[in-house]
Structure formats: C-alpha cells, structure tokens
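Coordinate inspection notes
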Amino acid sequence: MKALLGGILTPDLLTAVAGRPVRPPLGLVQGGRTGRSRDKRILFLVEPGARHPFALVKWAQGAEAAGLARETAALAQIHAAGDPVLDASCPPSWGPFAIAPGVQVSVERYLPARGAYAQLRTSLWPRPLVAGHFRRAAGWLDHFARATRSPARPFDQALLDEAIATPLETCAARFDLPAENVRATLAAARAHLGRPVALTAEHGDFWLANLLLPPAPDTAYVVDWEYFAPAALPGFDMLLFCMTYALEYPWRPFGWIDAPTAVARAFVQPELLRPHISALLARGCEAAGLPPSLLPALLPAMLARMALRHAGAPNSSWTAALAAWWARPAATWLETWAAAAGAP
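An account of the accompanying structure is given in this report. All residue numbers refer to positions counted from 1 along the written sequence of the respective chain. Since the coordinates come from a predicted model, pLDDT governs what is reported: local features require at least 70, and pairs of side-chain atoms require 80 or more to be given and counted, while whole-chain, interface and lining totals use all residues. Water and hydrogen atoms play no part in the side-chain values, which are based on all heavy atoms of the structure.

Here's the deal with helix α11 (residues 274-288)
Secondary structure elements are taken from DSSP: a helix is a run of H or I of four residues or more, a strand is a run of E of two residues or more, and numbering for both begins at the N terminus. By this rule, a helix spans an expected 1.5 Å times one less than how many residues it contains. Taking 1.5 Å of rise per residue, 15 residues should cover 21 Å, and α11 covers 21 Å from first to last C-alpha, within 8% of that figure. Accessibility here uses a 1.4 Å probe with only protein chains present; expressed as a share of the type maximum, an area under 20% marks a residue as buried, one over 50% as exposed, and anything in between as partly exposed. Within α11, the full set of buried residues consists of Ile-277, Ser-278, Leu-280, Leu-281, Gly-284, Cys-285, Ala-287 and Ala-288. After α11 finishes, the residue Gly-289 shows a positive phi value of roughly 70°.

Regarding the pairing of strand β5 (residues 103-109)
Taken residue by residue, a regular strand's side chains alternate between the two faces of the sheet. Along β5, five of the seven residues are buried, which leaves the element largely enclosed by surrounding structure. By definition, two strands form a pair when at least two bridges between them are found by DSSP. Pairing analysis gives five bridges linking strand β4 (residues 93-100) to β5, with the strands arranged antiparallel. For Phe-97, the partnering residue across the bridge sits in β5 and is Val-105. Here β4 folds back onto β5, and the loop between the two strands holds two residues, one of which, Gly-102, carries a positive phi near 75°.

Re the nonpolar core
Generally speaking, soluble globular proteins have nonpolar side chains that are buried together. In terms of nonpolar packing, the biggest core is built from 86 residues, with Ile-164, Leu-211, Trp-225, Phe-267, Leu-280, Leu-281 and Met-302 touching the most fellow members. Residue contacts are counted whenever heavy atoms from the two residues lie within 4.5 Å of one another. Discounting chain neighbours no more than four positions away, the residues touching Met-302 are Phe-236, Leu-239, Leu-240, Met-243 and Trp-318. Side-chain atoms within 4.5 Å are what join buried Ala, Val, Leu, Ile, Met, Phe, Trp, Tyr and Cys residues into a set we call a nonpolar core. Counting residues in each nonpolar core, the second largest holds 18 residues, with Leu-5, Ala-18, Val-22 and Phe-54 among its members.

Considerations on the pairing of strand β3 (residues 55-61)
With six of seven residues buried, β3 lies mostly within the body of the structure. The pairing of strand β2 (residues 40-46) with β3 spans six bridges and is antiparallel. In the strand pairing of β3, Leu-45 is matched with Ala-55. Where β3 lies against β5, seven bridges are found, and the strand directions are antiparallel. Note that in β5 the partner of Gln-61 across the bridge is Val-103.

Here we look at unusual backbone geometry
Here Pro-24 and Pro-25 are connected by a cis peptide whose omega angle stands at -5°. Although it is not a glycine, Asp-176 sits at a positive phi angle of roughly 55°. Take Asp-176: it is sitting in the loop between α7 (157-175) and α8 (179-190). The residue Asp-218 is not glycine, and still its phi comes out positive at about 60°.

Re the packing of aromatic side chains
For any pair of aromatic rings, geometry is given as the distance between the ring centres together with the angle between the planes. Stacked, edge-to-face and tilted are the three classes for Phe, Tyr and Trp ring pairs, Trp counted by its six-membered ring, which pair at centre distances within 6.5 Å; planes under 30 degrees apart are stacked, over 60 edge-to-face, the rest tilted. This model, assessed by the stated rule, comprises 14 aromatic pairs. With a centroid separation of 5.3 Å and an interplanar angle of 80°, the aromatic rings of Phe-134 and Phe-241 are classed as edge-to-face. Separated by 107 residues along the polypeptide, Phe-134 in helix α6 (residues 127-148) and Phe-241 in helix α9 (residues 236-248) bring together distant segments of the chain. Here the two residues Phe-134 and Phe-241 agree in accessibility, since each one is buried. Both rings, one in Tyr-249 and one in Trp-251, keep their centres 4.8 Å apart while their planes meet at 65°; by these two values the pair is edge-to-face.

Quick notes on empty space enclosed by the protein
Lining residues are defined by having an atom within 4 Å of a point belonging to a cavity or pocket. Those points lie on a 1 Å grid over the protein atoms alone, cavities being sets where a 1.4 Å probe fits but cannot get out and pockets being open sets with protein on both sides within 12 Å along at least five of seven lines. Grid points are joined across faces, edges and corners, and a volume is the space filled by probe spheres set on the points. One pass over the full model with this rule turns up one cavity of 30 Å³ or more. As for the largest cavity, its lining consists of 17 residues, of which Leu-141, Pro-234, Gly-235, Asp-237 and Met-238 are closest to the centre. Put simply, the parts of the chain that give the lining of the largest cavity at least two residues each are α6, β9 (200-202), α9 and α11. A total of four residues in the lining of the largest cavity trace back to one element, the largest contributor, which is α6. Considering only residue class, the lining of the largest cavity consists of twelve nonpolar, three polar and two charged. Any residue that is not Ala, Val, Leu, Ile, Met, Phe, Trp, Tyr, Cys, Pro, Asp, Glu, Lys or Arg is counted as polar, Gly included; the first ten are nonpolar and the last four charged.

This is a description of form; function is not addressed.
Laid out in structure tokens, this is it:
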C-alpha cells in the first residue's frame with residue numbers, strides 16, 4: 001500500500017492536508033473496513049512520536065470507488081460555499097486519485113474529536129449523554145439548513161413523487177409490502193400540496209457514527225458525505241438521526257433492541273428520547289422551512305430509502321422498521337405533536 005500511495009502523498013499534498021509541514025518518516029496505520037463492504041478501507045497517516053494521526057486515507061475499489069468520488073465532490077462543494085461554520089465542521093478532502101485500475105483513494109484531514117457513536121455504544125450509563133448528542137446534532141442541522149436553504153416554493157406533485165412516492169412504491173414492490181399502507185401515506189402527504197416548503201442540502205447519512213464531538217461545547221464535526229444532495233425536501237437527515245439513535249441506544253447495559261421496538265420507543269411511545277426528538281424536529285423544521293405535519297409522511301419514506309440502500313446487506317432491519325411504523329397504533333406522539341405544530 002505504501003508503494004501504491006508513494007506517487008500521491010507528495011510533500012506538497014501532505015503539507016496541505018496537515019496545514020503545516022509534516023515530519024517523516026510517516027506511519028501508515030490500518031483502520032479496517034468501513035461498514036460491511038470489503039471494497040472500502042480507511043488508513044491513518046501518523047508522524048513519528050505523535051499521539052494522533054494528522055490525516056486519513058480512504059481506499060475504495062469497484063462500485064465503492066464511485067461513492068468515494070461523490071464524497072470528495074460533496075466536500076469540495078461544501079467548502080466552496082464559504083460558510084465558516086460548515087467549513088470548520090467538515091473535513092477538507094483531496095482526490096480522488098487512481099492508484100490502480102478500478103481503485104481510488106482520497107485524503108482527508110484528521111479531525112481530533114470523540115466519536116459520538118463509540119461514546120454511546122460503550123457507556124454503562126448512557127442517559128446523561130443523550131441531551132448533549134441531540135443538542136449538538138440539532139445545532140449543526142439548524143445551521144446546515146439555514147446555510148443551504150432555498151426560497152420557499154409550493155409543495156407540488158413532483159416533490160411528493162420524488163421524496164415520498166418513489167421510495168415507498170419502489171420499496172413496497174421490491175419487498176412485497178402492503179400497497180394500502182403506501183396509499184394511506186401518500187394521501188396524508190397530498191393534504192400538504194400547495195403549502196410552502198423550502199429545499200435544503202442533505203447530508204444523506206446523518207447518524208451518530210458520522211457525528212464527532214470536538215472539545216468546544218455545542219460544536220460538531222460531520223463526516224462521510226457520500227450520499228450528499230445539494231437540494232432536497234428536508235426532513236430525511238433529522239428523521240434518520242432520531243431513528244438510528246433509538247436503534248443504537250443501549251437500553252440496558254450493552255443491550256440493544258430490534259427495529260420494531262426502536263420505532264416504538266422513538267416515535268410511538270412517550271419514552272426517554274421523546275423530548276429530545278421533538279426538540280430536534282421542531283428546530284429542524286423551523287430552520288428548513290418544513291411543515292412539521294409532513295413528518296409522519298416523511299418518516300416511512302425515509303425508512304423505505306434506507307431499506308432500498310441496504311437491500312443487499314444481510315439482516316437489514318429497515319423493512320422491519322417500515323412495517324412496524326405502518327402497524328402502529330391509531331395515534332402516536334409523533335402524529336399528535338406534528339399536527340399540533342402545524343397542520344395544513
């Protein structure tokens with residue numbers, strides 16, 4: 001690997017990545033695979049005697065190389081916008097560089113911070129962490145929405161089809177889910193036609209593992225921009241964060257729950273996470289110009305998108321989560337809250 005990277009990690013590039021001259025000889029530390037894919041790897045660049053790396057190298061081959069290219073393009077777009085908060089919270093990236101046929105790498109500056117995911121998953125008493133995680137996530141989402149928000153426009157059939165109908169209908173056909181549930185969700189969404197909404201950029205994979213916590217309070221770093229979209233109907237990022245938090249929260253010491261139970265504890269029952277989720281959603285909807293009453297229709301669309309994205313993964317829980325939402329009781333706290341926050 002060192003030989004393959006030798007022509008790419010030039011002194012000029014390393015200085016740009018570190019923001020200063022680096023001290024050779026550099027160490028290359030294997031960071032393992034990312035996710036379940038065998039075609040993605042992370043390596044860390046370390047100076048001699050340093051406690052922390054100064055850069056990471058993302059390696060991808062085959063179909064995963066396209067994702068690497070999308071991520072570096074997204075980060076370039078974010079930094080080109082010139083927003084100081086987003087600029088500071090997103091890692092500068094260089095590349096992608098081809099190092100072999102079908103194999104590419106990118107180089108990112110290492111961001112010194114605690115991983116929120118590791119912090120939650122290894123805690124014996126996670127409850128005190130929840131408020132801080134949601135506060136930092138909500139603050140970053142608020143700024144991201146305001147910095148990328150477009151002028152309001154009417155919610156029309158084209159937006160409904162793109163954001164809600166297409167993922168739901170595709171998912172229902174692929175996994176043989178009840179068509180009547182799709183129709184009911186679309187009917188609820190159509191009640192909002194004509195209401196003003198604004199488009200914002202979308203991170204596309206905003207969950208706890210991609211949230212890093214620097215020492216400064218109420219700040220955050222956000223990584224892994226492979227699924228970035230420059231303009232989308234807002235709601236996906238905030239709902240994904242809330243849903244995955246319920247899935248990853250250790251409800252008992254080192255004990256996690258299945259997807260249907262996570263759906264209930266996040267969006268149906270008045271559980272531990274409800275005040276944090278409702279506060280994040282309220283702040284996110286205000287920042288993004290999204291009617292809160294659309295959220296109960298956007299939630300199953302988000303679950304369908306994730307089910308389709310992870311369709312090839314073993315034991316994907318997203319279809320179970322979608323089925324659980326459709327099998328919910330007649331009234332949930334999310335629907336009651338969303339209706340009170342702004343019904344059409």
